Amino acid sequence: MEESKIHPNMISLARTLKNYTIGIIGGLGQIGSFFSSLFCSDEIRVLISDVSTSLTNSDLVIASDIVIISVPIDQTVNVINEIAADLTPEKLVIEMTSVKMEPTSALLKSSADIIGIHPMFNPSVGTITKQTMVMTPVRDRNDWLPIFQGYFEEKDVKLKITTPENHDQMMSLIQVLIHYNSISIGITMAKMGFDIHETLEYTSPIYRMELTMIGRIFAQNGRLYGSIPMHNPFTQKTLLEHKLTLEEMSKIILTKDLAGFMEKFEFASSFFENFKEKAMEESNQLIKHMVKLNDN
C-alpha cells in the first residue's frame, strides 16, 4: 500500500498556541495587556516584561518560544537591538508597531522567524471579533503563520496578509494622510478659538460625525499619533502631495475659480466612481444612527 503523504501545513495546523510560551515585551501597555488577556483567556502561557517588571527583556526572550514586541514605535528598534542576540532560529518574533519596514530591517539581523502584526483597532473597543488585523510574514521557516491564522480566524478576525512595504504604503494613506488632516483641522480650530459646543448648535449630522472622529483622536495618545508619520518611509511623499493639493485648492477658492474647482472635483469624483454609491448608503445609515443617538 502506498504510504500517505502529509502536507507540512497539516502538521502546522495540528499545533496550537497552547503548545508554546508567549513573551510580551511591553505587556503592561495598552496593546500588550489586551493581547496578554486574550491569550490568557485561552489558557496560553504568557510572560510579560515592562519597565516596572522584575523580568528583563532578555530573560523573557530566553524563556519564550514566541516573542511579541509591543512598545512605542520610537523604542521598537532599540528593543530589537537589545534582544537580537537571544532571538535564536527556533523562536518566532512578532512586532506590533504601526510601521513595518523599519522594524523588519532591524529584525532581519537576528536569526529568528519574523512576522509583523498590526491590529487595526483600539483596544478600547473591547473585542477582537470582526476587527481587522494586518499580518506581514517575513521569515517563517517553522510554519508559524498557519497557527496564528487559525487562532485569529476562529475568533472571526478579518486578516489581511501583505508585505511590510505594501503595509507602509497603505498606512501612508490610512494613518498618515487621514490622521494628519484630522489633527491639522483640530489644531486650526483650537488656534481660531471656536467654541466646540456652540458649533454643535449649528451642526449637521455629517459635521458631528467628522468632529466626533477628530475628537476621538485627541482623546488618545499623542506620542503614537506623532510617531506613526515620523517613522513611515512614505510620509514625505504623501504629505508633499497633500501640501501641493492644499495650495492648488486654496488658490482656486480664493480667486473664485469655479471652473477650476469643478475640474478638480470631477477628477476626484471619477477616482471614487466605484465607491461613491456605497459611501452614500453607509453614510446615510450612520447619519440615521447619529440622529437617534443625539435624540436620547
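Note that this is a predicted model, so its numbers are computed, not measured.

Our focus in this paragraph is helix α6 (residues 145–154). Those residues of α6 that sit buried are Leu145, Pro146, Ile147, Phe148, Tyr151 and Phe152. In the stretch just after α6, aspartate 156 is the one whose phi turns positive, near 60°.

Here we take up the pairing of strand β4 (residues 92–95). Alternating residues of β4 divide into Leu92 and Ile94 and Val93 and Glu95, and every residue in both groups is buried. Pairing geometry for strand β3 (residues 66–69) and β4, over 4 bridges, is parallel. Within the sheet, the bridge partner assigned to isoleucine 68 lies in β4 and is isoleucine 94. What joins β3 to β4 is helix α4 (residues 73–83), and the crossover it makes is right-handed.

Here we come to the packing of aromatic side chains. In total, this model carries 9 aromatic pairs according to the counting rule given. Note on phenylalanine 34 and phenylalanine 121: the rings are 5.7 Å apart at their centroids and 65° apart in plane angle, and the pair reads as edge-to-face. Highlighted residues: phenylalanine 34 in helix α2 (residues 30–41) and phenylalanine 121 in the loop between β5 (113–119) and β6 (132–139), separated in sequence by 87 residues. Of the two residues, phenylalanine 34 and phenylalanine 121, neither departs from the other in class, the shared state being buried. Summarising the aromatic geometry, the rings of phenylalanine 35 and phenylalanine 39 are spaced 6.1 Å apart at their centres and angled 45° between planes, so their arrangement reads as tilted. Residue phenylalanine 35 and its partner phenylalanine 39 are both found in helix α2; the two are separated by 4 residues, about one turn of the helix.

For the rest of this paragraph, the subject is the pattern of salt bridges. Counted under the stated rule, the structure contains 8 salt bridges. Its salt-bridge partner being lysine 276, residue glutamate 273 comes within 3.0 Å of it at the nearest N-O pair. Given a relative accessible area of 31%, lysine 276 falls into the partly exposed group.

Pairing is mixed in the open sheet, where 7 strands are placed in the order β2-β1-β3-β4-β5-β6-β7. Edge strands, defined here as strands with exactly one partner in the open sheet, are β2 (45–49) and β7 (158–161). Ignoring which end each strand starts from, the neighbouring axes of this sheet average 25° apart. Note: β5 against β6, 6 bridges, orientation antiparallel. Looking at the pairing, isoleucine 117 lines up with methionine 135 of β6. Against the sheet, α4 makes contact with β1 (21–25) and β3, and its axis sits at roughly 150° relative to β3, the strand it touches most.

If you check the backbone angles, lysine 130 has positive phi at about 70° while not being a glycine. Looking at where lysine 130 falls in the secondary structure, it is placed in the loop between β5 and β6. The exposure class assigned to lysine 130 is exposed, which follows from its relative accessible area of 52%. For aspartate 143, which is not glycine, the phi dihedral falls at a positive 55°. Assessed through its relative accessible area of 23%, aspartate 143 is described here as partly exposed.

Okay, a nonpolar patch on the surface next. A grouping of Met170, Leu173, Ile174 and Ile178 is seen on the molecular surface, where their side chains present a nonpolar patch of about 350 Å² in accessible area. Tracing the backbone through its elements, the reader meets leucine 173 in helix α7 (residues 164–192).

Counting residues in hydrophobic clusters, the biggest one holds 28 residues, and the most contacted among them are Leu17, Phe35, Phe39, Ile66, Ile94, Ile128 and Phe152. Elements that contribute at least two residues to this core include exactly β1, α2, β3, β4, β5, β6 and α6. Broken down by element, the residue count for this core peaks at 5 residues, all from α6. Ile25, Val71, Ala106 and Ala112 belong to the second-largest nonpolar core, a separate cluster that totals 16 residues.

Taken together, the 4 bridges between β6 and β7 define a ladder with parallel strand orientation. Pairing of methionine 135 across the sheet is with isoleucine 161, part of β7. Assessed by its sense of winding, the connection that carries the chain from β6 through α6 to β7 is right-handed.

Now for the side chain of serine 64. Mapping serine 64 onto the fold places it in the loop between α3 (57–63) and β3. Of note is the side chain of serine 64, whose polar atom sits 2.7 Å from the backbone oxygen of leucine 60. Apart from the residues lying within four places of it in its own chain, the contact partners of serine 64 are Thr21, Ile22, Gly23, Leu47 and Lys91.

Parameters at a glance
- Residue numbering note: each chain is counted from 1, following its sequence as written.
- The predicted nature of this model means local features are confined to residues of pLDDT at least 70 and side-chain atom pairs, given and counted, to a pLDDT of 80 or more, with totals for whole chains, interfaces and linings taken over all residues.
- Side-chain measures were taken over the full set of non-hydrogen atoms in the model, leaving aside hydrogen atoms and water.
- To sort residues, take the accessible area from a 1.4 Å probe on protein chains only and compare it with the maximum for the residue type: under 20% means buried, over 50% means exposed, and anything in between is partly exposed.
- Counting from the N terminus, the helices are the DSSP runs of H or I reaching at least four residues and the strands are the DSSP runs of E reaching at least two.
- Pairing between strands is defined by DSSP: at least two bridges between the two strands are required.
- The handedness of a crossover follows from its direction of travel: if, with the strands pointing away from the viewer, the path from the first strand over the helix to the second runs clockwise, the crossover is right-handed.
- Pairing of aromatic rings covers Phe, Tyr and Trp, the last counted by its six-membered ring, and requires centre-to-centre distances within 6.5 Å; plane angles under 30 degrees mean stacked, over 60 mean edge-to-face, and any other angle means tilted.
- We count a salt bridge whenever a side-chain nitrogen from Lys or Arg sits within 4 Å of a carboxyl oxygen from Asp or Glu.
- Each axis is a line fitted through C-alpha atoms, taken for helices only over the stretch in contact, and angles between the N-to-C directions span 0 to 180 degrees.
- Contacts: residue pairs with any heavy atoms within 4.5 Å of one another.
- Within the patch definition used here, like charges are joined within 9 Å and nonpolar side chains (Val, Leu, Ile, Met, Phe, Trp, Tyr) within 5 Å, considering only residues with over 30% relative accessible area and no salt bridge.
- For the accessible areas, the method is Shrake-Rupley and the probe is 1.4 Å, while residue cover comes only from the protein chains on display.
- Only buried Ala, Val, Leu, Ile, Met, Phe, Trp, Tyr and Cys residues count toward a nonpolar core, and they belong to the same one when joined by side-chain atoms within 4.5 Å.
- In protein, a polar contact requires one atom able to donate a hydrogen and another able to accept it; more generally it is a pair of N or O atoms within 3.5 Å, and residues adjacent in sequence count only if both atoms are side-chain atoms.

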